[in-house]
Amino acid sequence: MSQNLDPNMVMIVILILFIFMMWMSSRRMKKQQKQQQEELREAMVPGTLVVLRGGIIATIVSVDEKYEEIVVDSEGSRLRFKLNAVAGKYVRPAFIDDDEAEANDSQQEDASSEGAEGTSVASETEVSDTERTDVQSASSADGTADTAAPAEAGEADTEDKASDNEAK
């Protein structure tokens, strides 16, 4: 049987299979692109922040489905484009200043150094509220320091630092 197979026919069959696979792949990609385009058109409502193909970031003012046009406002300039000019919704990338990154690193180092102390506080949070008040009142009566108060104060300091970083 193997002697009857023509090498040229084998190559032709492999070539036909390769072309068929490429065609199926491109067809699937076209369907995905069409679906994404439809989702984008549905999302185009006034007030949406979009980026245009030229890199212009603008807010949609109005959409004219009849003529397939869109009016956008970018920093006070109103422009009219075809719907195809919209590349997608604009999502501002996350950015952290160097000062904020250093502040976050120092807060993480402080938290890791207090990790051993935090375990006693964590185990205390598992205790019910009535048992906690009994433990706190007993420790206050004995004159020993209350462990819940410093933890709460540390949390308040962390919140203050976070609000200061946001204010900057």
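These numbers come from a predicted model, not from an experiment.

Criteria and thresholds
- Residues numbered from 1 in each chain as written.
- Predicted model: local features only at pLDDT ≥ 70, side-chain atom pairs only at ≥ 80, totals over all residues.
- Heavy atoms only, no water.
- UniProt positions renumbered as here; feature names shortened; annotations may be inferred.
- Helix = DSSP H or I, 4+ residues; strand = E, 2+ residues; numbered from the N terminus.
- Pairing = 2+ DSSP bridges.
- Salt bridge = Lys/Arg side-chain N within 4 Å of Asp/Glu carboxyl O.
- Buried < 20%, exposed > 50% of the residue type's maximum accessible area, 1.4 Å probe, protein only.

1. Some thoughts on the UniProt feature "transmembrane region" (unreviewed entry) in the protein
According to UniProt, the positions carrying the feature "transmembrane region" (unreviewed entry) are residues 6-24. Secondary structure over residues 6-24 splits into 95% helix and 0% strand, and the C-alpha atoms at its two ends are 27 Å apart.

2. A few points about the pairing of strand β4 (residues 77-82)
With six bridges joining them, strand β3 (residues 69-74) and β4 adopt antiparallel strand pairing. Along β4, the bridge assignment pairs Val71 with Arg80.

3. Remarks on the pairing of strand β1 (residues 49-52)
Of the strand pairs in this sheet, β1 and strand β2 (residues 57-64) are connected by three bridges, and their pairing is antiparallel. Paired with Leu49 across the two strands is Thr59, which belongs to β2. Between β1 and β2, which follow one another and run antiparallel, lie four residues, and Gly55 among them has a positive phi close to 95°. Examined bridge by bridge, β1 and strand β5 (residues 86-89) share three bridges and lie antiparallel to one another. For Val50, the partnering residue across the bridge sits in β5 and is Lys89.

4. As for the pattern of salt bridges
Evaluated as defined, the whole model comprises two salt bridges. As a salt-bridge pair, Arg41 and Glu68 come within 3.9 Å of each other at their nearest N and O atoms. Here the residue Arg41 occupies a position in helix α1 (residues 7-43), and Glu68 occupies one in the loop between β2 and β3, the gap between them amounting to 27 residues. Residue classification places Glu68 among the partly exposed residues on the basis of a relative accessible area of 36%. Linking Glu69 and Arg80 is a salt bridge whose minimum nitrogen-to-oxygen distance equals 3.1 Å. Note that Glu69 is positioned in strand β3 and Arg80 in strand β4, a separation of eleven residues in sequence. In this structure Glu69 comes out as partly exposed when scored by relative accessible area, which is 22%. Arg80 gets classed as exposed once you look at its relative accessible area, which sits at 53%.

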